[in-house]
Amino acid sequence: MDSIIRFANLIFEPVIDLGAAPMMFILLTLLAVLMRVPAGKAAEGGLKLAIALTGMGIVIDILTSHFSPVLESFVKSTGIELSITDVGWAPLATITWGSAYTLYFLFVLVVVNLVLLALNKTNTLDVDLFNVWHLSVVGLIVMHYSDNLLLATLLVILLGVMKLINADIMKPTFNELLDMPRTNPTTTTHLNFMLNPLIMVIDKIFDKWFPFIDRFDFDAATLNKKIGFWGNKFAIGIYLGFFVGLLGQQPVKTIFTLAFIGGVALELFSVIGQWFISAVEPLSQGITNFMSKRLKGRTFHIGIDWPFLAARPEMWAAANVLAPIMLLIALIFPGNKILPLGGIIAIGLTPALLVVTRGKIIRMILIGSVMIPVFFLSGTAIAPFFTQTAKAVGAFPENVAANVMITHSTLEGPVEKFLAILVGKLGGNWNMQNLLLTALAFAAYILLFVWYLKQMKKRNRQYEVEKETIAG
């Protein structure tokens, strides 16, 4: 096993060390060249993807860095003690990549992906290698409790396979949400979409018992047609900036600054989201040509990071509305010790809400409010692990007191973190109680996923019927 870990580090570490944007530039360019795309066109697509990733990261950082201190001021003014520091995803990614096991898990998942492609069990090639750290966290949690690499590997493989299946089943919804042609291969294997089954359960409850709420729904495009500027993305961002500023009792100058930053951010999210789609166009054409010649027209999907969905303003409108709701829940939820700062813009939740509800903002906000406590419970549960691991690899944030625990309030895959804890405790103590609890949890998790797949297949068949009706 040690030799496998060393080999994985030798292969992937030089590319991973470059960072997400350079890594994706290299991978997408090489993949396009392998598909016989001219080198210039291949590099163009790779550069666009790297620029899109960089741009999205900058906008998220600007939004978070300006909104988080204001929300922190609000919490301090209430006098409530929230002792676990929410450092956001970036420090936790650094901590996770500090473990040699992360590259080992990456190597295992690449092999699994290639095997499933060869066996025609998936159509998705996952090139979002940087975000393997999310699954690595799951494996590392298992090892934190039991030091059992075999159990950790099996859990990572199981979740990796399920992510690929999910990427395939979501593809028609991505096409519909973004008006993408079927030839565009863009999909995502990001762990945040493994929350889809749980969200869909709540969405079905709304379908059955509360369908009337959809009469109050709106989207930015429709609202813009009705009332012009006052309903577009700029305006929605301005409203939210004003609300957060007033909530934090900020001076007038700061409130205006937050409002304008909110307006800019929501508009840029939409613009940059389109860059992700155009970035894969050269690769898309290359794959189409390759498939038609060699694999009898078999369709391939390319799994990239989730931000190509940022073109939909509903996701960001819901995220910003959920921010103050998240603060309120943090203040009143029993046992919560997390102050939501780095994760206050809930990008670990809103993309999945968008996919399941297909952009129904009222549902996104209501379901998101129900899901937030799940993230708080998960973030609290993994805080000791991340704090200990950060100190062990020398990556504990400098601006955080040494006696304070760290976490991420909306870290992707909250349910999977609980599964990892169960598996880790089972590996550390093979008693009947742990075995039964773990077996029941996995049975429920897998059965829910199977049910979700059936619902998504029904949705995808409906897409086909609608297209045939339009064509006819």
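Conventions adopted
Residues numbered from 1 in each chain as written. Predicted model: local features only at pLDDT ≥ 70, side-chain atom pairs only at ≥ 80, totals over all residues. Heavy atoms only, no water. Core = buried A, V, L, I, M, F, W, Y, C linked by side-chain atoms within 4.5 Å. Buried < 20%, exposed > 50% of the residue type's maximum accessible area, 1.4 Å probe, protein only. Contact = heavy atoms within 4.5 Å. Pairing = 2+ DSSP bridges. Helix = DSSP H or I, 4+ residues; strand = E, 2+ residues; numbered from the N terminus. Axes fitted to C-alpha atoms, helices over the stretch in contact; angles between N-to-C directions.

Per an unreviewed UniProt entry, the chain is named PTS glucitol transporter subunit IIA, and its organism is Thermoactinomyces intermedius.

J.: Would you explain the nonpolar core in this entry?
T.: In globular proteins that are soluble, nonpolar side chains generally tend to be buried together. I199, L309, L349 and F386 are the most contacted members of the largest nonpolar core, which totals 119 residues. The contacts of F386, once residues within four sequence positions are left out, are L92, I95, T96, V137, I406 and L411. Within the second largest apolar cluster, five residues are counted, among which are V70, V244, L258 and I261.

J.: Would you mind going over the sheet that holds strand β4 (residues 301–304) with me for this structure?
T.: Strand pairing in a sheet relies on backbone hydrogen bonds, with the paired strands running either antiparallel or parallel. Pairing is parallel across the open sheet formed by three strands, whose spatial order is β2-β4-β3. Each end of this open sheet is capped by a strand with a single partner; those strands are β2 (124–126) and β3 (186–188). Strand-to-strand twist of the sheet, defined as the mean angle between neighbouring strand axes without regard to direction, takes the value 40°. Sheet analysis places β2 next to β4, joined by three bridges and oriented parallel. Counted as the bridge partner of L125 is I302 from β4. The sheet contacts of helix α7 (residues 149–178) involve β2, β3 and β4, and relative to β3 the element is tilted by about 135°.

J.: How should the environment of L49 be read in this particular structure?
T.: Summarising the element assignment, L49 is placed in helix α3 (residues 39–78). Sequence separation of L49 and I304 is 255 residues, and the distance between their C-alpha atoms is 9.5 Å.

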